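# Residue-level structural notes
Listed below, chain by chain, are the residues.
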Amino acid sequence: MSDDIRAFRASILHCLADPGEATASDAVEYLEDGVLVVEGGRIATLGPAAEILPAVKNHMEVTDYRPRLLVPGFIDCHVHYPQIGMVASWGEQLLEWLERYTYPAERRFAEREVAERVAEDFVDLMLAHGTTSALIFPTVHPVSVDAIFGAARARRLRISAGKVLMDRHCPADLRDTAQSGYAESRALIERWHGQDRLGYAITPRFAITSTAEQLALAGRLAEEFPDVLVHTHLAENRREVERVAELFPEATSYLDVYRSAGLLRERAVFAHCLHLEEPDYGHLASAGAAIAFCPGSNLFMGSGLFDLARARGHGIPVGLATDVGAGTSLSLPVTAGEAYKVLELRGQRLTPWQALYLMTLGAARALGWDDVIGSFEPGKEADFVILDATATPLARRRLAATVLPAESLFALTMLGDDRSVVATYVLGERVWQNPR
Ligand code: GUN
Ligand code: ZN
């Protein structure tokens, strides 16, 4: 046994597989009094306290979080770090919102000091919300990518990000060119991809702000670097979809624009997907591409209602995402609460287990990280969060007489927020503790 071994006692909950529509199933493991043993930053073992404690308690420190819940760190499949300063901006839908609020905010990231300061704040906010991994949009500026990777590396986080590509239909001082976007992305891949827990994502903003030439060069990069992610927006807003049809008249659908450029492949993650054409579901599925489901953003921006059942029916991997600043909370449990409401409006029903899956193991699958994070399988990286479902006053009332873990979890998504996060751990080390 190495010296770097420690144990955590709590009510432990994680997904072993996709819980599907079941209310309870073998896909979820719940240990009411469990112990998680971490060695060298990785999961060593997990089991009931009565079994594990007699074997370990003389060799290692046991941190006792009972009766709190211990779950895998949350994974945000799509979020914009430069937008934390303009989150909750009033009164516009996507295209006007970008012009009025987003581009002015992103312009400031040309300055390294601004980018570094906001990246540090963003990463700390993420951890305070129990999120330990994310797929992140910076801005068009390479320094914004250096800043977010630097902040994540200092805290040993697993994240992916990449320079935003946009060479038209945006303010002139936020534009790159097809060639400069390609060259700068390549240089950033070489600098950052595979460093510690960091991975690169080729990041065209969306089809409106890239020429066909820029998308084709992004597709060339995607072919040259098959293990980096591709990350973009797809079919979020009806007027956006109409504009893409005008700009790419030869395309059979919005997704077809990306497909023609070579951007539809495994390890491609498309945010939103609210207004797809029917054949697009099959194309996403057969390519092995994933969807980031952003219910808080979709409600706030009046964009539409995601059809989770249809995506699931096609076997497309789906992960949950906050999409801040179009989303208004960095909390994935809060976002799962929004997902529940969106799906009710669709006549669909999100179980608490399915919600947990979408923000942990399902999100890890969508990003291709399920071999290393998302659950407590031995050997995986020990990123986890301690939750108190009764942290908020109304939740305390609601759960006064409750024992069922599904009820606590559901109350957490409906009545909780960052107050519900007691502590956040990355590679077995505490990186954030709630001062309350
Ligand atoms: N589509 C293109 N850019 C953006 C953005 O910054 N946020 C959202 N929600 N959608 C986009
Ligand atoms: Zn977005």
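Located above this text is the structure these notes cover.
First, a word on scope: everything that follows refers to the structure included in this document. (Residues numbered from 1 in each chain as written. Chains lettered and ligands numbered in written order. Predicted model: local features only at pLDDT ≥ 70, side-chain atom pairs only at ≥ 80, totals over all residues. Heavy atoms only, no water.)

This part covers the overall build of the protein chain. Within the protein chain, the secondary structure is distributed over 16 helices and 16 strands. Looking at the protein chain residue by residue over its 436 residues, the buried ones come to 61%. Sequence-distant contacts in the protein chain: of pairs separated by 6 or more residues, those separated by 24 or more amount to 75%. Accessible area of the protein chain: about 16,500 Å², with a carbon and sulfur share of 49%. (Helix = DSSP H or I, 4+ residues; strand = E, 2+ residues; numbered from the N terminus. Buried < 20%, exposed > 50% of the residue type's maximum accessible area, 1.4 Å probe, protein only. Contact = heavy atoms within 4.5 Å. Areas by Shrake-Rupley, 256 points an atom, 1.4 Å probe, with all protein chains shown as cover.)

Taken together, the protein donors to the zinc ion (ligand 2) comprise His78 (NE2), His80 (NE2), His233 (NE2) and Asp323 (OD), at separations of 2.0 to 2.2 Å. If you list the donors of the zinc ion (ligand 2) from N- to C-terminus, the spacing comes out as H-x1-H-x152-H-x89-D. Placement of the pair is histidine 80 in strand S5 (residues 74-80) and aspartate 323 in the loop between strand S13 (318-320) and helix H12 (332-345), with a sequence separation of 243 residues. By the burial criterion, histidine 80 is buried, and aspartate 323 matches it. (Donors = N, O, S within 2.8 Å, 3.2 Å for Na, K, Ca; no water.)

All right, on to the sheet that holds strand S16 (residues 429-433) then. The strand order S3-S2-S1-S4-S14-S15-S16 describes an open sheet built from seven strands, whose pairing is mixed. Edge strands, defined here as strands with exactly one partner in the open sheet, are strand S3 (42-48) and S16. Taken pair by pair, the neighbouring strands of this sheet meet at an average axis angle of 35°, ignoring direction. Sheet topology note: the strand S2 (residues 28-39)/S3 ladder contains six bridges and is antiparallel. Looking at S3, one finds that valine 35 is bridged to glycine 47. (Pairing = 2+ DSSP bridges. Axes fitted to C-alpha atoms, helices over the stretch in contact; angles between N-to-C directions.)

For the structure on display, the rule yields eleven aromatic pairs. Seen from their ring centres, tyrosine 81 and phenylalanine 109 are 5.7 Å apart, and the 80° between their planes marks the pair as edge-to-face. Taken together, the residues span a long stretch of sequence, with tyrosine 81 in the loop between S5 and helix H2 (94-107) and phenylalanine 109 in the loop between H2 and helix H3 (112-128) at a distance of 28 residues. With respect to class, tyrosine 81 is no different from phenylalanine 109; both count as buried. Here the guanidinium or amino end of arginine 220 rests over the ring plane of tyrosine 182, the centre of that ring lying 5.3 Å away. (Phe/Tyr/Trp six-rings, centres within 6.5 Å; stacked < 30°, edge-to-face > 60°. Lys NZ or Arg CZ within 6 Å of the ring centre and 35° of its normal.)

Right, let's talk about the site of ligand 1 for a bit. All residues in the neighbourhood of ligand 1 are listed as His80, Gln83, Leu94, Trp97, Leu98, Arg205, Phe206, His233, Glu236, His272, Asp323 and Ala326. A distance of 2.6 Å separates a nitrogen atom of ligand 1 from a polar side-chain atom of glutamate 236. Aspartate 323 is positioned with one of its side-chain polar atoms (N or O) 2.8 Å from a nitrogen atom of ligand 1. Against a free-state accessible area of 280 Å², the protein chains account for coverage of 100% of ligand 1. With three residues, the top contributor of residues to the shell around ligand 1 is H2. Considered class by class, the residues forming the shell around ligand 1 number five nonpolar, four polar and three charged. (Near = heavy atom within 4 Å. Polar contact = N/O pair within 3.5 Å; in protein donor to acceptor, adjacent residues only side chain to side chain. Nonpolar A, V, L, I, M, F, W, Y, C, P; charged D, E, K, R; others polar.)

To continue, consider the environment of glutamate 32. Summarising the element assignment, glutamate 32 is placed in strand S2. For glutamate 32, a relative accessible area of 59% puts it in the exposed group. Along the primary structure glutamate 32 and valine 79 are separated by 47 residues, whereas in three dimensions their C-alpha atoms are 33 Å apart. Discounting residues that sit within four places of it in the chain, glutamate 32 has contacts with Ala10 and Ser11.

Looking now at the side chain of threonine 139. By secondary structure assignment, the location of threonine 139 is in the loop between strand S6 (131-137) and helix H4 (142-154). At 2.7 Å, the side chain of threonine 139 forms a polar contact with the side chain of histidine 141. If sequence neighbours within four positions are ignored, threonine 139 has contacts with Pro82, Glu106, Phe109, Ser144, Lys163 and Val164.

Quick look at the nonpolar core now. Tyr81 and Phe270 are the most contacted members of the largest nonpolar core, which totals 117 residues. The residues contacting tyrosine 81, other than those within four sequence positions of it, are Phe109, Ala115, Val118, Ala119, Phe122, Ile136, Phe137, Pro138, Ser144, Ala147 and Ile148. (Core = buried A, V, L, I, M, F, W, Y, C linked by side-chain atoms within 4.5 Å.)

Of all six residues making up strand S15 (residues 421-426), five are buried, and the element is well covered by its neighbours. Pairing analysis gives four bridges linking strand S14 (residues 384-387) to S15, with the strands arranged antiparallel. Note that in S15 the partner of valine 385 across the bridge is threonine 424. Alignment of S15 against S16, held across four bridges, turns out to be antiparallel. Across the sheet, the residue bridging to tyrosine 425 is arginine 430, located in S16. Taken together, S15 and the strand that follows it, S16, pair antiparallel across an intervening segment of two residues, in which leucine 427 is found at a positive phi of about 50°.

All we've got here are geometric facts, nothing functional implied.
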